[in-house]
Every structure is written in C-alpha cells, then in structure tokens.
Amino acid sequence: MKFLITGGAGFIGSNLAFALQERYPEAKIYVLDNFSSGHFKNLIGFKGQVITGDISDPSLWDYVRKNFHFDVIFHEAAITDTTVEDQYFMMKTNADSFRYILDLAVEWNAKVIYASSAGVYGNSPPPMREDKGLEPENIYGFSKLMMDHIAMDYMERYPEMNIVGLRYFNVYGPREDYKGKTASMIYQLAVKMIKGERPRLFKWGEQRRDFVYIKDVIKANLLALEKNVSGIFNVGTGRARSFNEIVSILNKELGTNYEIEYFDCPYDFYQKFTEADLTKIREALGYEPEYSLEEGIKDYLPYIIKRVKK
Ligand SMILES: NC(=O)c1ccc[n+]([C@@H]2O[C@H](COP(=O)([O-])OP(=O)(O)OC[C@H]3O[C@@H](n4cnc5c(N)ncnc54)[C@H](O)[C@@H]3O)[C@@H](O)[C@H]2O)c1
C-alpha cells in the first residue's frame with residue numbers, strides 16, 4: 001500500500017501519518033506539505049518521506065504524476081486559518097487544488113479521504129445534518145463546501161471510485177501547538193492556566209461547540225479507509241459543550257480555581273453553536289466517538305504540560 005497525506009506536517013495530517021505507520025508497518029507513506037502552518041517537528045519519528053510543494057501549483061502534480069503512484073490519498077492540506085479573508089487565495093488553495101488531486105486519483109484508481117469542515121454549516125441551527133443548513137459564513141467554510149460539491153461531482157461521474165469527505169467539527173489534541181492562534185480553545189486555555197494566568201473568554205463563555213478529540217478523528221479516517229463507501233460525513237462527538245465547561249474541566253484536572261475574565265468578541269462572524277448529527281457516519285462507517293470532553297482533556301493534558309514547561 002502507498003499512502004499520500006497532503007498537509008501531513010500539520011496537526012491532523014501528522015497524527016494520521018503516525019497512526020498509519022503503526023497500523024500498516026509495511027506501507028509506504030508520503031507526506032506532501034508546503035510547511036505554511038505545519039512544522040517538521042510534528043514529523044519527528046515519521047519513517048516515510050516528504051514531498052515539499054504547494055497543492056495549488058499544477059506543476060507539483062505533474063511531478064507527482066510522473067514519479068509516484070498512490071493507492072490512497074488523505075487530503076488534509078488547506079489554509080486552516082478561518083480568519084483569512086482573501087477569497088481568491090482561499091478558493092485557489094482549498095477548493096481548486098482538490099480537482100488536481102481527484103483527477104490523479106481517477107488515473108490511479110486511488111481512494112480519496114479528504115478533510116471537509118463543520119464551517120460549511122455556519123450558524124445554521126444544530127444539530128447539523130449533512131444535507132441541510134449549508135450556509136457558510138466565511139470564505140473558509142465556503143471553500144470547504146465547494147470541496148464537497150466537487151467531490152459529489154466526481155462521485156457521480158466515477159461511481160466505482162471511493163471518495164470520502166469528513167466534516168470535522170472542533171478537533172483538539174497533540175501536535176496542534178504549531179497552529180498558534182488557530183489551535184483549539186482547549187489548547188489556548190490550558191496553556192494560559194498552566195502558566196498561572198487567568199483564562200479569557202468572549203462574553204459570556206456560553207458559546208457551544210462539538211469538540212472532538214484527535215483520536216476519534218483518526219478513528220474516523222481509518223474506518224473510511226477500511227470500508228468500501230463514498231459519501232460526506234460529520235465527525236464530532238454529537239454533543240456541544242461550552243467554553244465555560246472547558247475551563248471548569250481544566251480547573252478540576254489542574255487542581256486550580258481560576259475565575260474567567262470575559263471580553264467582547266472582536267469578530268463579525270463567530271460560530272456560536274455547533275453540534276454534529278452522527279446518524280449518517282454511524283450507519284455507513286460504524287463510527288462511534290470514544291472520548292467525551294472530560295476524557296479527551298485528561299488524555300491530552302500531560303502533552304500540553306510538557307510543552308509549556310519545556
Ligand atoms: N483542526 C480542526 O478543528 C479542523 C476542523 C475542521 C476541518 N479541518 C480541516 O482538517 C485539515 C487539517 O487541519 P489541521 O487542523 O491539521 O490544520 P494544520 O494547519 O495543522 O494543517 C494543514 C497543513 O496543510 C499544509 N498546507 C497549507 N497550505 C498548503 C499548500 N498550499 N500546499 C501544501 N500544503 C499546505 C500546512 O502547512 C499544514 O501542514 C484541513 O483541511 C482543515 O481545513 C480541521
């Protein structure tokens with residue numbers, strides 16, 4: 001088996017690289033990345049190779065076509081900073097590049113498992129179901145929705161292909177630290193509190209999100225790999241939790257008693273409530289999330305503490 005992971009130096013891609021390396025020790029694993037938001041340190045211990053390049057550059061794909069052949073493509077590369085407002089740049093990178101990848105997958109008869117996002121739902125009413133409320137509020141969410149449209153077109157034109165879109169909700173876990181300000185709220189709040197600072201939240205901390213632990217996201221990818229299905233699926237826990245709740249779990253786990261400092265949200269658009277309806281992914285992939293927010297934070301905290309104290 002030959003796996004290609006675009007965005008493999010990033011948070012989710014690098015975790016995927018290690019999970020595949022462990023589960024398929026005989027497989028050849030390649031990461032393709034331009035290191036714009038990923039970091040080489042995420043790949044320390046990775047035994048495969050890296051192809052360095054920009055997914056929006058067609059000459060990169062000519063080079064890949066001439067020199068490689070992959071059985072499965074995990075497509076994670078994207079501009080992941082949801083506050084980027086440059087529509088041309090976002091669409092070129094996230095949406096248009098996807099066509100190059102799918103065209104190659106058609107040639108190779110490769111399976112494609114790609115990262116979509118809960119951003120496609122904007123502020124539509126939860127629980128979010130795959131076929132409704134597709135009202136992105138920013139260009140990032142729109143670019144992910146356009147990826148889904150492109151994928152559906154290829155699914156229709158090439159029914160023999162396996163194409164799986166995974167709409168991740170709010171993912172958190174080890175190796176997200178290089179994302180800086182776009183790392184999860186769980187990471188941001190934990191770092192502050194471990195450093196002895198008061199946690200700060202947008203007023204009044206009751207924004208609710210479906211926070212999903214990286215191990216569950218990897219599990220969804222591996223199920224998509226193993227099953228013979230095509231489709232677009234939500235990946236979350238099915239339960240929205242508030243930012244205030246994150247702080248109280250962290251206080252409990254760290255043995256602290258910090259009070260929250262609230263401030264005004266500076267963004268025009270902010271997703272206030274996301275919650276995944278998991279009916280479709282349960283039925284098609286047999287996916288069941290294992291980590292509640294409490295369990296995920298407990299599993300993750302030793303990693304954050306080590307990073308902060310280094
Ligand atoms: N983390 C989340 O909560 C979340 C939620 C929904 C969807 N997603 C999606 O999951 C995927 C992975 O996100 P992540 O959280 O690991 O973010 P990340 O920023 O850590 O990873 C993205 C990777 O893509 C690479 N990249 C960016 N532009 C590129 C380009 N033009 N060419 C080649 N490589 C490029 C970056 O260097 C980085 O390594 C993305 O597609 C993202 O949109 C993530």
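Residues numbered from 1 in each chain as written. Predicted model: local features only at pLDDT ≥ 70, side-chain atom pairs only at ≥ 80, totals over all residues. Heavy atoms only, no water.

A. Quick peek at the layout of surface pockets. Volume-wise, the second largest pocket comes out at about 220 Å³. As for the second largest pocket, its lining consists of Gln21, Tyr24, Pro25, Glu26, Ala27, Lys28, Ile29, Tyr30, Phe46, Lys47, Gly48 and Gln49. For the lining of the second largest pocket, the element with the most residues is strand β2 (residues 28-33), which contributes 3 residues. (1 Å grid on protein atoms, 1.4 Å probe; cavity = no way out; pocket = protein on both sides within 12 Å on 5 of 7 lines; lining within 4 Å. Points joined across faces, edges and corners; volume = space filled by probe spheres on them. Helix = DSSP H or I, 4+ residues; strand = E, 2+ residues; numbered from the N terminus.)

B. How the structure looks around the packing of helix α1 (residues 11-23) against helix α6 (residues 214-226). It is the contact of α1 with α6, at a shortest axis distance of 10 Å, that shows an interaxial angle of 60°. By the angle class used here, α1 and α6 are oblique. By crossing handedness, the relation of α1 to α6 is classed as right-handed. Contact residues: α1 offers Phe11, Ile12, Asn15, Leu16, Ala19, Leu20 and Arg23, while α6 offers Ile214, Val217, Ile218, Asn221, Leu222, Leu225 and Glu226. Here the residues of the contact of α1 with α6 sort into 10 nonpolar, 2 polar and 2 charged. (Axes fitted to C-alpha atoms, helices over the stretch in contact; angles between N-to-C directions. Parallel < 35°, antiparallel > 145°, perpendicular 65-115°, else oblique. Left-handed = near helix turned anticlockwise from the far one by under 90°. Contact = heavy atoms within 4.5 Å. Nonpolar A, V, L, I, M, F, W, Y, C, P; charged D, E, K, R; others polar.)

C. Spatial organisation of the site of the ligand. Residues in contact with the ligand amount to 29 residues; listed here are only the nearest, Asp33, Ser37, Thr80, Tyr140 and Lys179. Within the side chain of Asp54, a nitrogen or oxygen atom sits 2.9 Å from a nitrogen atom of the ligand. Taking Ile55, its main chain carries an N or O atom lying 2.9 Å from a nitrogen atom of the ligand. Those elements giving two or more residues to the shell around the ligand turn out to be α1, β5 (111-117), α4 (139-157) and β7 (170-172). Top contributing element to the shell around the ligand by residue count: β5, with 3 residues. Counted by class, the shell around the ligand contains 12 nonpolar, 12 polar and 5 charged residues. (Near = heavy atom within 4 Å. Polar contact = N/O pair within 3.5 Å; in protein donor to acceptor, adjacent residues only side chain to side chain.)

D. Structural detail: helix α3 (residues 87-108). Taking 1.5 Å per residue, 22 residues should reach 32 Å; α3 reaches 31 Å between its end C-alpha atoms and fits that length. By the largest-angle criterion, Thr93 marks the main kink of α3, which is about 30°. Buried within α3 are the following residues: Met90, Met91, Thr93, Asn94, Ala95, Ser97, Phe98, Ile101, Leu102, Leu104, Ala105 and Trp108. Contacts from the buried residues of α3 go to β1 (2-6), α2 (58-67), β4 (72-75), β5, α4 and β6 (163-168). A distance of 3.3 Å separates the backbone nitrogen of Tyr88 from a side-chain oxygen at the start of α3, and that oxygen is part of Asp86. (Expected span 1.5 Å × (residues − 1). Bend = angle between axes of the 7 residues up to and from the residue. Buried < 20%, exposed > 50% of the residue type's maximum accessible area, 1.4 Å probe, protein only.)

E. The sheet that holds β5, seen in detail. If you trace the 7 strands from one edge of the open sheet to the other, you get β3-β2-β1-β4-β5-β6-β11, paired in parallel fashion. Either end of the sheet is taken by a strand with one partner, and the two such strands are β3 (49-52) and β11 (231-235). Ignoring which end each strand starts from, the neighbouring axes of this sheet average 20° apart. Docked against the sheet, α4 engages β4, β5, β6 and β11, running at close to 150° with respect to β5. (Pairing = 2+ DSSP bridges.)

Just distances and angles here, no functional claims.
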